[in-house]
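Architecture and fold: a report
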Amino acid sequence: MAENIRFQYYFSEGSGDTLNDFSYYNDDASIVEDGSGNWSVDTPFDAGSKSAQLSPYSYDFSGNYFKHTLSESWSGSFTFAIWAKPNGAQELFSSVFSTGDSHNTTNSWQLGVSSNNKWRINDTANQYIINNISEDTWQHLAIVWNYDISYNKQFLKLYFNGELKSTIAYNTSTVLPTNKNFSFTNYKIGVNRNSNVHFIGKLTNA
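Residues numbered from 1 in each chain as written. Predicted model: local features only at pLDDT ≥ 70, side-chain atom pairs only at ≥ 80, totals over all residues. Heavy atoms only, no water.

Before going further, it helps to spend a moment on the overall build of the protein chain. Within the protein chain one finds one helix and 15 strands. Against the compact-globule benchmark of 17 Å for 206 residues, the protein chain has a radius of gyration of 16 Å, which places it among compact chains. Considering only C-alpha atoms, the protein chain reaches an extent of 45 × 35 × 35 Å along its principal axes. Residue burial in the protein chain is summarised as follows: out of 206 residues, 46% are buried. Restricting the contact set of the protein chain to residue pairs at least 6 apart, pairs at least 24 apart contribute 61%. Total accessible area computed for the protein chain in this model is approximately 9,400 Å², and 43% of it derives from carbon and sulfur atoms. Distance from the positive charge centre (13 side chains) to the negative charge centre (19 side chains) of the protein chain: 9 Å. (Helix = DSSP H or I, 4+ residues; strand = E, 2+ residues; numbered from the N terminus. Rg over C-alpha atoms; globule rule 2.2 N^0.38 Å. Buried < 20%, exposed > 50% of the residue type's maximum accessible area, 1.4 Å probe, protein only. Contact = heavy atoms within 4.5 Å. Areas by Shrake-Rupley, 256 points an atom, 1.4 Å probe, with all protein chains shown as cover. Lys, Arg positive; Asp, Glu negative; His and termini not counted. Charge placed at Lys NZ, Arg CZ, Asp CG, Glu CD.)

Now the structure itself:
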């Protein structure tokens, strides 16, 4: 099992209050009771496909979220991807994934919803728009962050349904801050950093 995969939640459980982490680190996430939610067989995958075998379920969030607190935080380059199916319009700051417990925590970030109903990443001072949200439709969100001590080698790539939507670097129209990095102190699925705005809809295969 590759040590460079920091976490892999397949949503293969179908019941219970735990998301099993299939990475080397075994960072299982536990549900936080703050509303209601249910397991669902609704997924974006073709029946019989490898993806459907690995991720046969989604979780239908309507107030709950999953969380794992890390014993040691980490930062640096990463790729993150998740499938989302929003149940109608989302509230501002609703997030499918976040790390940190406050929007004021340096280098904390979340993948969620902007004021004009677009997918975005936002941190303590910046936002990076990905794409319009498609309501009641499965959509794939992916982020590639390349961190380098040489500022001119850093970049952030944002993907929607497999299509590259934006590249942000030192020399693009949206410019990366010179001190930019992203950190992971915990993994929260289905809620924002402050744990007070929930994603309403289904998620799978993070």
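Having seen it, we continue.
Moving on to the nonpolar core. Looking at soluble globular proteins, one finds that nonpolar side chains tend to be buried together. Of all hydrophobic cores here, the largest spans 41 residues; its most connected members are Leu111, Trp119 and Ile121. Per-element tally for this core: the top contributor is strand E6 (residues 78-86), with four residues. Excluding residues within four positions of it along the chain, Ile121 makes contact with Trp109, Gln110, Leu111, Asn126, Gln127, Tyr128, Ile130, Ile143, Leu156, Leu158 and Phe182. (Core = buried A, V, L, I, M, F, W, Y, C linked by side-chain atoms within 4.5 Å.)

This brings us to the environment of His140. By the element assignment, His140 lies in strand E11 (residues 139-146). The spatial distance from the C-alpha of His140 to the C-alpha of Leu70 is 26 Å, given a sequence separation of 70 residues. In contact with His140, other than residues within four places in its own chain, are Ala81, Ile82, Trp83, Tyr159, Phe160 and Asn161.

As a further point, take the sheet that holds strand E2 (residues 29-32). Taken together, eight strands build an open sheet; the order of strands is E1-E2-E5-E14-E7-E8-E9-E10 and the sheet is antiparallel. Strands at the two margins of the open sheet, each flanked by one partner only, are strand E1 (18-19) and strand E10 (127-132). In the sheet, E2 pairs with strand E5 (residues 65-75) via three bridges, with the strands oriented antiparallel. Bridge pairing in E5 places Ile31 opposite Phe66. (Pairing = 2+ DSSP bridges.)

Relative to the helices and strands, Arg193 resides in the loop between strand E14 (183-189) and strand E15 (201-204). In this structure Arg193 is buried but unpaired, with Asp123 as the nearest side chain of opposite charge at 6.2 Å. Among the polar contacts listed, one links the side chain of Arg193 to the side chain of Ser108, at a separation of 3.1 Å. (Salt bridge = Lys/Arg side-chain N within 4 Å of Asp/Glu carboxyl O. Polar contact = N/O pair within 3.5 Å; in protein donor to acceptor, adjacent residues only side chain to side chain.)

Relative to the helices and strands, Gln110 resides in strand E8 (residues 109-113). Residues contacting Gln110, with those up to four places away along its chain left out, are Phe93, Ser95, Phe97, Ser98, Arg120, Ile121, Asn122, Asn192 and Arg193.

The next thing to look at is the sheet that holds strand E12 (residues 155-160). Strand pairs in the sheet, formed through backbone hydrogen bonds, run parallel or antiparallel to each other. The seven strands are arranged E3-E4-E15-E6-E11-E12-E13 in an open sheet whose pairing can be described as antiparallel. Looking along the sheet, the strands with just one partner apiece sit at the ends: strand E3 (36-40) and strand E13 (163-169). Adjacent strand axes in the sheet meet at a mean angle of 20 degrees, parallel and antiparallel pairs treated alike. Of the strand pairs in this sheet, E3 and strand E4 (residues 58-62) are connected by five bridges, and their pairing is antiparallel. Residue pairing for E4: Ser40 is matched across the bridge by Ser58. (Axes fitted to C-alpha atoms, helices over the stretch in contact; angles between N-to-C directions.)

With that settled, consider the packing of aromatic side chains. Under the criterion given, the structure shown has 31 aromatic pairs. For the ring pair Phe7 and Phe97, a centre distance of 5.8 Å and an interplane angle of 10 degrees mean the geometry is stacked. Taken together, the residues span a long stretch of sequence, with Phe7 in the segment before E1 and Phe97 in strand E7 (residues 95-99) at a distance of 90 residues. Exposure class is identical for Phe7 and Phe97. Each is buried. Both rings, one in Tyr151 and one in Tyr170, keep their centres 6.2 Å apart while their planes meet at 65 degrees; by these two values the pair is edge-to-face. Taken together, the residues span a long stretch of sequence, with Tyr151 in the loop between E11 and E12 and Tyr170 in the loop between E13 and E14 at a distance of 19 residues. Residue class for Tyr170 comes out partly exposed when judged on its relative accessible area of 38%. By way of ring pairs, the aromatic residues Phe7, Tyr9, Trp74, Phe78, Phe80, Phe97, Trp109, Trp145, Tyr147, Phe182, Phe184 and Tyr187 are connected into one cluster. Positioned above the aromatic ring of Tyr25, the side-chain terminus of Arg6 is 4.4 Å from the ring centre. Here Lys157 stacks its cationic end above the ring of Phe155, 5.3 Å away from the centre of that ring. (Phe/Tyr/Trp six-rings, centres within 6.5 Å; stacked < 30°, edge-to-face > 60°. Lys NZ or Arg CZ within 6 Å of the ring centre and 35° of its normal.)

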